[in-house]
Protein chains: 2
Amino acid sequence: MDINITPVKTSKIKDIDFSNLAFGHVFTDHMLVCNYKNGAWEAPEIMPYGPLSFEPSARVFHYGQAVFEGMKAYKDEAGDLFLFRPDESVKRLNKSSERLAIPALPEEIFHKGLAELLHLENEWIKPGKGNSLYIRPFVIATEGAIAASPAQEYKFIIICSPAQAYYAGEVRVLIAEKFSRSADGGVGYAKAAGNYAAQFYPTSLAHKEGYQQIIWTDANTHEYLEEAGTMNIFFRIGDTLITAPTNDRILDGITRKSIVQLAQDEGVNMEVRDFSVKELKEAARSGALKEIFGSGTAAVVNPIKGFKHGDEVFELPEVTDSFAARFKDKLLNIQYNIEADPYGWRVKI
Amino acid sequence: MDINITPVKTSKIKDIDFSNLAFGHVFTDHMLVCNYKNGAWEAPEIMPYGPLSFEPSARVFHYGQAVFEGMKAYKDEAGDLFLFRPDESVKRLNKSSERLAIPALPEEIFHKGLAELLHLENEWIKPGKGNSLYIRPFVIATEGAIAASPAQEYKFIIICSPAQAYYAGEVRVLIAEKFSRSADGGVGYAKAAGNYAAQFYPTSLAHKEGYQQIIWTDANTHEYLEEAGTMNIFFRIGDTLITAPTNDRILDGITRKSIVQLAQDEGVNMEVRDFSVKELKEAARSGALKEIFGSGTAAVVNPIKGFKHGDEVFELPEVTDSFAARFKDKLLNIQYNIEADPYGWRVKI
Ligand SMILES: Cc1ncc(COP(=O)(O)O)c(C=O)c1O
Ligand SMILES: Cc1ncc(COP(=O)(O)O)c(C=O)c1O
């Protein structure tokens, strides 16, 4: 596979303040672009990051045919570069694509294209636990025609944004009682662009009440806890860790499945099962609820300090032996090549 | 309100075969573009139709913040131009926008901008019942940052595509039993881009079985009939016409509400109520089911010849006094200024 590379004349890296990065606002010097046309993916190209030209009739603008992934590249103290479970990302991208009637991307284009791009952006990846390069691969329908049917032309693009350790501040969440994120038989399990915009308005209402995120419940009954905006959710009751099973409404998070595995292997009582709002509130009242945390590539693990359901507000206790802190640390140590990785999750590139 | 107009040097209209137009593939000479920046909509511009430049990090590509409308302009034999219920379109656009956390567009920009654009494209609108100019207003999030939150920058764009009378061929439909289109508390009632891509894959599976469309059922039970891809659905049992009530899962179609009104005013027994698959199948078996038809701006009214549910296949009878034909004709006559319009739906521009 040939990748045509057009490097930038001058890097903009010297203008970037790496100690003050807002998430997803700064992009590196290059991007990868690969076109799908006449029934096939063409050779990818790496070119200077910058605006691209699109027909105003491009299908992505009208019918939302768009899927994405989120990954990170990590650098250890020796300067080596690593990805975390990249196979899972490309598989999930293609699973998302299938649901949105987007042609599958050959895995080789993804893996080789990404490796090539990251080597070019090596300087942008800073060592140090917490520093990383956030990677955004995505596929969009570019064909310029507004017939309501799958497009014949697509672009697969990878852009990269340097990121610091993500501290979201104290996070409190609303539990959804009216709005919902996805339906059975819908596209909730896909990283489909439309799933995210659909959450912005309910989340903005939560912000007004002083809550940073929403924990979505099943759309049928609003009785079972599912996931948050860009995080799966774990609950710790006593020393038992609980997370919802994945299904066609819930994103099969890579951080989630890694934590489930770690917890099982460390002998934690790990339950993957439906978990109801009722059970959560009872545990909160009895004092059995020790922790709630979200899991996702951006924040790794995000502790949740409190939640609201109906008129009831709950605040979580301080814990000294936090599972959130323990699994976050374990994952970071694997990602940054600080600890051995018996799973083969860390991939040197 | 000032609209800056940059006309094309030469129109491409002479290259267009108006007797052979595939839906949504040919666009007129101009488009309207209006930017939202720093908390306000700027003055709209009319410029030659053509590609626009977008950041690859534009939020529409990643999080699907995009809504649209679909309208038509009609020309009568005297050469006058008309729209059908344009107030409903702008109101629905802003209702869709609110749900996707997109700032509302001032109605004046919509109405004046569209009128100005259509006068410029007058030649593209051919008289004759069935000929029209399909109008696609849409709003997309353009800000170049991939934070998962509402964008700070948007574009409102209107593009136009000449259309002929739409004949979809014989349409048979599958009734959804597994896949679903939208959830209670979701975005189904909005013309949100992501709602459409989500239907492409299930619809492609229906195609493989020889069905052109899917009639969506409620995501909870799959027992109640809702709407099709871009059409609301009517059922005629004996001389009673039935359509589902709108709710937060179903698009409040302008054609639908116009037919409901016409049917009521013509003394048809018009029932707006939940209608179950069970009731439909019983009526099909007893012979009471006379017609099924879809309603929407593109096709106006689209008769459905048959349907499948589970393993059961049903074929509809030929009717001589078709409600579908009657209401289609009535609507077209109002739209093309052939009949009096007691409702004030037809708006001369
Ligand atoms: C809806 C949703 N849930 C959960 C996650 C977490 O998935 P992962 O751990 O693979 O990043 C994401 C993505 O980041 C997401 O978008
Ligand atoms: C999902 C959906 N249902 C129904 C309709 C019909 O609505 P209208 O009659 O306003 O065109 C449309 C739009 O065309 C639609 O997209």
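These figures come from a predicted structure and were not determined experimentally.

Structural notes on helix α2 (residues 86–99) of chain B
Residue and element names in this part refer to chain B.
Next, step 1: Taking 1.5 Å as the rise per residue, α2 with 14 residues should run 20 Å; its terminal C-alpha atoms sit 20 Å apart, in good agreement.
Next, step 2: Within α2, burial applies to P86, S89, V90, R92, L93, N94, S96, S97 and R99.
Next, step 3: Phi turns positive, to about 60 degrees, at A101, one or two residues after α2.

Things to note about the domain arrangement of chain A
All names here are of chain A.
Next, step 1: Here chain A is described as being made up of domain 1 (4–163) and domain 2 (172–335).
Next, step 2: The straight-line distance from the C-alpha centre of domain 1 to that of domain 2 is 27 Å.
Next, step 3: Tallying the contact residues gives 20 residues for domain 1 and 23 residues for domain 2.
Next, step 4: When the area that domain 1 buries against domain 2 is broken down by residue, the three leading residues are F84, R92 and R99, summing to 31%.
Next, step 5: Our enumeration of links across domain 1 and domain 2 arrives at 2 salt bridges.
Next, step 6: Where D329 meets K129, a salt bridge forms, and the shortest distance between an N and an O atom there is 3.1 Å.
Next, step 7: Put simply, domain 1 and domain 2 have 13 residue pairs in polar contact (both at pLDDT 80 or more) between them.
Next, step 8: Of all the secondary structure elements, the ones that give two or more residues to the side of domain 1 that touches domain 2 are β6 (66–68), β7 (71–75), β8 (81–84) and α2 (86–99).
Next, step 9: At 6 residues, α2 tops the list of elements feeding residues into the side of domain 1 that touches domain 2.

As for the pattern of salt bridges
All names here are of chain A.
Next, step 1: Counting across every chain of the model gives 52 salt bridges over all chains.
Next, step 2: Residues D321 and R236 are paired through a salt bridge, measuring 2.9 Å at the closest nitrogen-oxygen approach. Pair noted here: D321 is in the loop between β18 (312–315) and α7 (323–335) and R236 is in strand β13 (residues 232–237), with a separation of 85 residues, a long-range link.
Next, step 3: For R273, the salt bridge identified is with E271, shortest N-O distance 2.7 Å.
Next, step 4: Given the relative accessible area of 27%, R273 is considered partly exposed.
Next, step 5: Residue classification places E271 among the partly exposed positions, given a relative accessible area of 25%.
Next, step 6: A single salt-bridge network, built from bridges that share partners, covers R85, E88, D252 and K257.

Let's talk about empty space enclosed by the protein
Next, step 1: Scanning the entire structure with this criterion turns up 4 cavities of 30 Å³ or more.
Next, step 2: As a volume, the largest cavity reaches approximately 300 Å³.
Next, step 3: As for the largest cavity, its lining consists of 28 residues, of which A:V187, A:N195, B:R181, B:V187 and B:N195 are closest to the centre.
Next, step 4: The residue inventory of the lining of the largest cavity, partitioned by class, reads 12 nonpolar, 13 polar and 3 charged.

Overview of the environment of B:E266
Next, step 1: With respect to the element layout, B:E266 can be found in the loop between α5 (254–265) and β15 (269–272).
Next, step 2: Residues within four places of B:E266 in sequence aside, it is in contact with B:R326, B:F327 and B:K330.

A look at the site of ligand 1
All names here are of chain A.
Next, step 1: The immediate surroundings of ligand 1 are formed by 16 residues, with K191, Y196, E227, T255 and T297 found nearest.
Next, step 2: Separating an oxygen atom of ligand 1 from a side-chain N or O atom of K191 is a distance of 3.0 Å.
Next, step 3: In the environment of ligand 1, an oxygen atom lies 2.4 Å from a nitrogen or oxygen atom belonging to the side chain of Y196.
Next, step 4: Isolated, ligand 1 exposes 390 Å² of accessible area, and the fraction of that covered by the protein chains is 96%.
Next, step 5: Contributions of two or more residues to the shell around ligand 1 are made by α5 (254–265) and β16 (289–296).
Next, step 6: Each residue belonging to the shell around ligand 1 can be placed in one class, and the counts come to 4 nonpolar, 8 polar and 4 charged.

Procedures and definitions
- Residues numbered from 1 in each chain as written.
- Chains lettered and ligands numbered in written order.
- Predicted model: local features only at pLDDT ≥ 70, side-chain atom pairs only at ≥ 80, totals over all residues.
- Heavy atoms only, no water.
- Helix = DSSP H or I, 4+ residues; strand = E, 2+ residues; numbered from the N terminus.
- Expected span 1.5 Å × (residues − 1).
- Buried < 20%, exposed > 50% of the residue type's maximum accessible area, 1.4 Å probe, protein only.
- Domains from an automatic or database assignment.
- Contact = heavy atoms within 4.5 Å.
- Buried area = accessible area lost by both parts, 1.4 Å probe.
- Salt bridge = Lys/Arg side-chain N within 4 Å of Asp/Glu carboxyl O.
- Polar contact = N/O pair within 3.5 Å; in protein donor to acceptor, adjacent residues only side chain to side chain.
- 1 Å grid on protein atoms, 1.4 Å probe; cavity = no way out; pocket = protein on both sides within 12 Å on 5 of 7 lines; lining within 4 Å.
- Points joined across faces, edges and corners; volume = space filled by probe spheres on them.
- Nonpolar A, V, L, I, M, F, W, Y, C, P; charged D, E, K, R; others polar.
- Near = heavy atom within 4 Å.
- Areas by Shrake-Rupley, 256 points an atom, 1.4 Å probe, with all protein chains shown as cover.

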